[in-house]
Amino acid sequence: ARRGMSVFFNKAHCSACHTGGNFADGGFHNIGIGMDQDEPDPGRYSQTKLRGDFGSFKTPTLREIARTAPYMHDGRLETLEKVIEFYDKGGISNPQLDEEMRLLKLTVQEKADLVIFLQEGLSSDSYPDTMPPTLPE
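To start, this report covers the structure provided alongside it. (Residues numbered from 1 in each chain as written. Predicted model: local features only at pLDDT ≥ 70, side-chain atom pairs only at ≥ 80, totals over all residues. Heavy atoms only, no water.)

### Let's talk about the packing of helix 3 (residues 80–88) against helix 4 (residues 108–121)
How we decide: To get an axis, a line is fitted to the C-alpha atoms, and for a helix only the part in contact is used. The angle between two axes follows their N-to-C directions and goes from 0 to 180 degrees. Starting at the N terminus, helices and strands are each numbered in turn, a helix being any DSSP run of H or I of at least four residues and a strand any DSSP run of E of at least two. Just so you know how the angles are binned, under 35 degrees is roughly parallel, over 145 roughly antiparallel, 65 to 115 roughly perpendicular, and the rest oblique. When the near helix sits turned anticlockwise from the far one by under a right angle, the crossing is termed left-handed; a clockwise turn instead gives a right-handed crossing. Whether two residues are in contact is decided by their heavy atoms, any of which lying within 4.5 Å being enough. Basically, the charged four are Asp, Glu, Lys and Arg, the nonpolar ten are Ala, Val, Leu, Ile, Met, Phe, Trp, Tyr, Cys and Pro, and anything else, Gly included, counts as polar.
Remark: helix 3 packs on helix 4, axes separated minimally by 10 Å, with the N-to-C direction vectors making an angle of 125 degrees. One element, helix 3, and the other, helix 4, form an angle in the oblique class. Relative to helix 4, the crossing made by helix 3 is right-handed. Across from Leu80, Glu81, Ile84, Glu85 and Asp88 in helix 3, the residues of helix 4 making contact are Lys111, Leu114, Val115, Leu118 and Gln119. Counted by class, the contact of helix 3 with helix 4 contains five nonpolar, one polar and four charged residues.

This is the structure:
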């Protein structure tokens, strides 16, 4: 977990957006999720109408992240391992891709350490398990 924390704050620089006590900056970022679709989700753009907000979504907290799968605003990534693979590849390229997104080149060990940090370092044994709400189809 300590090695994973070092990867988080240093090589992977996750703390650029996942910062503070909640591990979230309160900002909106385009990491490319959905930008590979024929009709991408406009994200924050739908409210602001600012082109730079196209495909941007609010940074979620990483507290209790091991309990909140699936991941990303559209639920496309089922595991933390897949999330880390996504970030390792630098997201999905698009004109509004956040400047913090880049190819990480993490080793297999660094990826495993990062998962352990997220699962064990940011989750609590005493947090109550709850079921997510059922969404209408």
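Now that the structure has been shown, we can carry on.
### Quick notes on the layout of surface pockets
What counts is decided by this rule: Each cavity reported here is a set of points on a 1 Å grid over the protein atoms alone in which a 1.4 Å probe fits but cannot get out, each pocket an open set with protein on both sides within 12 Å along at least five of seven lines, and each lining residue one with an atom within 4 Å of a point. Grid points are joined across faces, edges and corners, and a volume is the space filled by probe spheres set on the points.
A volume near 830 Å³ is recorded for the largest pocket. Lining of the largest pocket is provided by 35 residues; of these, His18, Ile31, Pro60, Met72 and Tyr87 occupy positions nearest its centre. Where the lining of the largest pocket is concerned, the elements lending two or more residues are strand 2 (57–58), helix 3 and helix 4. Top contributing element to the lining of the largest pocket by residue count: helix 3, with four residues. The computed volume of the second largest pocket comes to approximately 320 Å³. Lining the second largest pocket are 13 residues, and of these Arg67, Thr68, Ala69, Met131 and Pro132 lie nearest its centre. Considering only residue class, the lining of the second largest pocket consists of eight nonpolar, two polar and three charged.

Honestly, that's just the spatial picture; any functional story needs more than this.
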